[in-house]
Amino acid sequence: MTEITLDEIRSRVDQHWDAIVDLLSHKVAFAAVSAKGITGDHMRRSAEFVSDELRKLGVDTRVVQSTNPDGTPGAFEVVGSKIVDDDAPTALLYAHHDVQPVPDPSQWNTDAFTATTKGDRLFGRGAADDGGGIAIHAGSLLALGEDLGVNIKVFFEGEEEMGSPSFIPFIKAHKDAFESDVIIVADSGNWSDKIPSLTTSLRGNTAVDVIVRVLGHPVHSGQFGGPILDANTVAAMLISSMYDADGSLQIPGLKCQEPVGGLQQDIDETTLRHDAAVLPSWKLTGTDSLASRLWTKPSVSVIGFDAHPVEGSFNVLADSAAFRLSLRTAPSQRPEEAQQALTDFLKQHAPFGAVVEVKPLENGMGWAMDPSSEAVHDAQAAMTQAFGVEPINKGEGGSIPFIPELQKLFPQAQVLVTGPEDPQSNAHSPNESISLYGLRNNIIAEALLMRALAR
Ligand code: BES
Ligand code: MN
């Protein structure tokens, strides 16, 4: 295999740069919001676009609609391969083509589905998560052209943001499409736009719906308030009972872990405050390194709460209140176990004998990287070359639950988690964006990595 220098790869990426940005911009315009319906036409069109673009790069792709575990039609998935040499290793390239919703366009400074460049960043829903992942894979394939050296399989998922409900039946039905030596999951991100990272771990996730009941029906708050607390207050008491005075979770059975592979560098508090737009008065909760609090310790969030809206409220004690808790788990804890621990805790801490019902929702397992794998060394070397600085590896607090599922089926495959995001990407929030500098160097790093895998 002839050597391709870093400079050569860099100049090829430059040469194809407009096409790469164009592809990403077109992708944003599909508004592939899976929460609006995984089986919708907008999802099919998004998948077909991605499939067609990859086909232009010589990958034999197709769109396949998956089937849910209950037999109903599922997501539009893009699968394909480019086999160059039966003796060469095979890399599976993963990204997802579905995006998060845009509940309030007025919070955006630009139209969410019109890719807009400002300075070094390209704004739009899915510009980073995970259109950026698609752009990284497409860009590295464009740059390498016929000099790939490895066999490629691609899987661009259409329902990642919905927890991948049909993923397990899909991989079982298309085992061939996933069989590979190295799996590159481009759905995470870098330490910053200038400093690359491999993702060392992801948290797992689970959720429960909780209903708190106090009364058989609502009653006058003046007549009965005092010996009886309204269900909203009781729900708030139950929620706060999960925390100690530091704001650490105090739920027995929820596992905590130290950052996987050791902590290279802790997260800087000032940067975290800035990236998360934390109000100046807020005191960060919990103890130990910020990295462990963000990546490897559990966290619970109330992501929905049913109560009477403020406007139009009247003097009545609510008989019941409902809320949804999302629990992020330590990378190595089984989510079912964590869900049970949370459920037991809530039932045991029902304030003043309120009736607490807990309904279990979806579980997703976390993941931890094997720092000793050969692909990890190759990836770190490729990132160092491309960005001109050594990667700072980091965990992530988010979840990509299909990774452990794939790993179960292909235990010998080496998994690399990379991606287009950086702390300023605002994934899942208004004004999502991708760093173009980061994207360019992620593409170069992936191209270098594929050449390294080929050797
Ligand atoms: N790209 C994210 C995962 C992620 C989040 C990586 C933060 C790095 C940092 C992914 O698209 C995502 O949001 N996953 C969901 C999974 C859930 C629906 C099971 C998540 O974490 O909420
Ligand atoms: Mn994502």
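This one's a predicted model, so the numbers in the text were calculated from it and none came from an experiment.

**Section: the overall build of the chain**
Secondary structure assignment for the chain yields 14 helices and 18 strands. Computed over C-alpha atoms, the radius of gyration of the chain comes to 23 Å, within 12% of the 23 Å expected from 2.2 N^0.38 for 455 residues, which places it in the range of a compact globule. Principal-axis analysis of the C-alpha atoms gives the chain an extent of 85 × 45 × 45 Å. Every one of the 455 residues in the chain was classed for burial, and the buried ones make up 52%. Once local pairs closer than 6 in sequence are excluded, the contacts in the chain between residues at least 24 apart make up 80%. Carbon and sulfur atoms provide 51% of the accessible area of the chain, an area that totals close to 19900 Å². Here the chain contributes 34 positively and 61 negatively charged side chains, and the mean placements of these two sets differ by 2 Å.

**Looking at helix α14 (residues 436-454)**
Compared with the 27 Å implied by 1.5 Å per residue over 19 residues, the 27 Å span of α14 between its first and last C-alpha is a close match. Most of α14 sits out of view: 17 of its 19 residues are buried. The opening residue of α14 is serine 435, an N-cap whose side-chain oxygen sits 3.4 Å from the backbone nitrogen of tyrosine 437.

**Section: the UniProt feature "domain: Peptidase M20 dimerisation" (unreviewed entry) in the chain**
When the UniProt feature table is mapped onto this chain, "domain: Peptidase M20 dimerisation" (unreviewed entry) is found at residues 208-351. Here residues 208-351 is 28% helix and 19% strand, with 18 Å between the C-alpha atoms at its ends.

**A look at the coordination of the manganese ion (ligand 2)**
Protein-derived ligands of the manganese ion (ligand 2) are His96 (NE2), Asp129 (OD) and Asp187 (OD), with the metal-ligand distances lying across 1.9 to 2.2 Å. The sequence motif formed by the donor residues of the manganese ion (ligand 2) is H-x32-D-x57-D. Of this pair, aspartate 129 sits in the loop between β5 (121-123) and α4 (131-144) while aspartate 187 sits in the loop between β7 (182-186) and β8 (199-202); the two residues are 58 residues apart in sequence, bridging distant segments of the chain. Across this residue pair, the class does not change: aspartate 129 and aspartate 187 are buried.

**Brief notes about the environment of glutamate 8**
Locating glutamate 8 in the fold gives a position in helix α1 (residues 6-15). Sequence separation between glutamate 8 and leucine 144 is 136 residues; the distance between their C-alpha atoms is 9.9 Å.

**Some points on the site of ligand 1**
Neighbouring ligand 1 are 16 residues; Glu160, Asp187, Arg328, Ser399 and His428 lie closest to it. Within the contact set of ligand 1, an oxygen atom lies 3.2 Å away from a side-chain nitrogen or oxygen of histidine 96. In the environment of ligand 1, an oxygen atom lies 2.8 Å from a nitrogen or oxygen atom belonging to the side chain of arginine 328. Considering ligand 1 on its own, with 520 Å² of exposed area, one finds that the protein chains cover 85% of that surface. When grouped by side-chain class, the residues that make up the shell around ligand 1 number two nonpolar, seven polar and seven charged.

Cut-off values and rules
- Residues numbered from 1 in each chain as written.
- Chains lettered and ligands numbered in written order.
- Predicted model: local features only at pLDDT ≥ 70, side-chain atom pairs only at ≥ 80, totals over all residues.
- Heavy atoms only, no water.
- Helix = DSSP H or I, 4+ residues; strand = E, 2+ residues; numbered from the N terminus.
- Rg over C-alpha atoms; globule rule 2.2 N^0.38 Å.
- Buried < 20%, exposed > 50% of the residue type's maximum accessible area, 1.4 Å probe, protein only.
- Contact = heavy atoms within 4.5 Å.
- Areas by Shrake-Rupley, 256 points an atom, 1.4 Å probe, with all protein chains shown as cover.
- Lys, Arg positive; Asp, Glu negative; His and termini not counted.
- Charge placed at Lys NZ, Arg CZ, Asp CG, Glu CD.
- Expected span 1.5 Å × (residues − 1).
- Polar contact = N/O pair within 3.5 Å; in protein donor to acceptor, adjacent residues only side chain to side chain.
- UniProt positions renumbered as here; feature names shortened; annotations may be inferred.
- Donors = N, O, S within 2.8 Å, 3.2 Å for Na, K, Ca; no water.
- Near = heavy atom within 4 Å.
- Nonpolar A, V, L, I, M, F, W, Y, C, P; charged D, E, K, R; others polar.

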